[in-house]
Amino acid sequence: MVSFGNTGRALAAAAGCALLLGAPASAQTAPTPELFGLWKRVCADNGGIYARTITAPEVQGWSRIPFPIPIPSKDAKLNKKTIRAKALGGGGFGMFFAGEGELKSAVRPAPFQMCAVAFKPGEFADVLRQAQAWAGQPAVAGEDGMRSFRHHLSPDGRRTPLEAGKLRELAPKLGPGTVISVDVAPSQGAAVISYSTIKL
């Protein structure tokens, strides 16, 4: 989430706006999809690539938010973003967010892409456990309860786990390759999980 400590709040606000626009009654009674599995199919299996995540079949039926909603991040600039929401049973909601832009760094801007899914209500501990098993490495702590699984993938395929810290500060210390960050965060009763890539 490129230091996306505030992304969960932005997703929740966007979802609230979507639900105010109205949702079909059938959406209220539809079974709630499993958050980690949905994130894996839409975000991780598509490598976080913006053009692929926004066309994932699983989110095509979700309501698109037709107006710009700022995603607060002092570390990144978004050139493109897509936000979708879906009403879930019991008054809950699902949220999909994908973006493409540049990460600010001390050396030069780095292209990044991200994809996130949020559910409210959401079981943060359960999603965190599944993410850790999938990532195969321990989490590092971030702001506001966020936990991250980050690694640097070099051009020769070598994978190096990254320490805690802001990605804009860590990135200049790394060689060529791609930083991949999976972030799980609690946000006002919602659970948010994202997949981000930064090209170095």
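Residues numbered from 1 in each chain as written. Predicted model: local features only at pLDDT ≥ 70, side-chain atom pairs only at ≥ 80, totals over all residues. Heavy atoms only, no water.

1. Some points on the packing of aromatic side chains
Evaluation of the coordinates by the stated rule reveals 3 aromatic pairs. Judged by centre distance (5.2 Å) and plane angle (85 degrees), the ring pair of Trp39 and Trp134 falls under edge-to-face. Of this pair, Trp39 sits in helix H3 (residues 35-44) while Trp134 sits in helix H5 (residues 124-135), placing them 95 residues apart in sequence. Among the aromatic residues, ring-to-ring pairing joins Phe36, Trp39, Trp134 and Tyr195 into one connected group. (Phe/Tyr/Trp six-rings, centres within 6.5 Å; stacked < 30°, edge-to-face > 60°. Helix = DSSP H or I, 4+ residues; strand = E, 2+ residues; numbered from the N terminus.)

2. Section: the confidence of the model for the chain
Confidence in the prediction of the chain, expressed as mean pLDDT, is 80, and 77% of residues score 70 or more. No element of the chain has a lower mean pLDDT than helix H2 (residues 25-29), which averages 40, and none a higher one than helix H4 (residues 50-53), which averages 96. Overall, residues 1-9 carries pLDDT values under 50, and its contacts beyond four positions in sequence, including any with other chains, amount to 33 contacts. Contacts of residues 17-31 to residues separated by more than four positions or lying in other chains number 20 contacts, the stretch itself having pLDDT below 50. (pLDDT = per-residue confidence, 0-100. Contact = heavy atoms within 4.5 Å.)

3. Observations regarding the nonpolar core
Grouped together as the largest cluster of nonpolar side chains are 28 residues, with contacts concentrated most on Trp39, Val42, Phe96, Val117 and Ile193. The element contributing the most residues to this core is H3, with 7 residues. Within the second largest apolar cluster, 19 residues are counted, among which are Ala110, Phe112, Ala116 and Ala118. (Core = buried A, V, L, I, M, F, W, Y, C linked by side-chain atoms within 4.5 Å. Buried < 20%, exposed > 50% of the residue type's maximum accessible area, 1.4 Å probe, protein only.)

4. A short note on the pairing of strand E6 (residues 147-153)
Within E6, 5 of the 7 residues are buried, which leaves it mostly tucked inside the rest of the structure. As defined by bridge partners, strand E5 (residues 140-141) adjoins E6 across 2 bridges and the pair is classed as antiparallel. If you follow Ala141 over to E6, its bridge partner there is Arg147. Counting the residues in the hairpin turn of E5 and E6 gives 5 residues, including Asp144, whose phi is positive at 55 degrees. Bridge count between E6 and strand E7 (residues 159-161): 3 bridges; the pairing is antiparallel. When the bridges of E7 are listed, His151 appears paired with Pro161. Hairpin connection, E6 to E7: the antiparallel pair is bridged by 5 residues, and Gly157 has positive phi, about 90 degrees. (Pairing = 2+ DSSP bridges.)

5. Looking at the side chain of Arg84
Following the sequence through the fold, Arg84 ends up in strand E2 (residues 76-87). With no salt bridge to any partner, buried Arg84 finds its closest opposite charge in Glu58, at an N-O distance of 11 Å. Each residue touching Arg84, except ones within four places of it in the same chain, is listed here: Val59, Gln60, Trp62, Ser63, Arg64, Ile65, Gly94, Met95 and Phe96. (Lys, Arg positive; Asp, Glu negative; His and termini not counted. Salt bridge = Lys/Arg side-chain N within 4 Å of Asp/Glu carboxyl O.)

6. Side note on the pattern of salt bridges
As enumerated under the stated definition, the model contains 5 salt bridges in all. Where Asp126 meets Arg129, a salt bridge forms, and the shortest distance between an N and an O atom there is 2.4 Å. With Asp126 and Arg129 both in helix H5 and 3 residues apart, the pair spans about one turn of that helix. Given a relative accessible area of 32%, Asp126 falls into the partly exposed group. For the salt bridge of Asp156 with Arg158, the shortest nitrogen-to-oxygen distance reads 3.4 Å. According to the relative accessible area criterion, Asp156 is exposed, its value standing at 60%.

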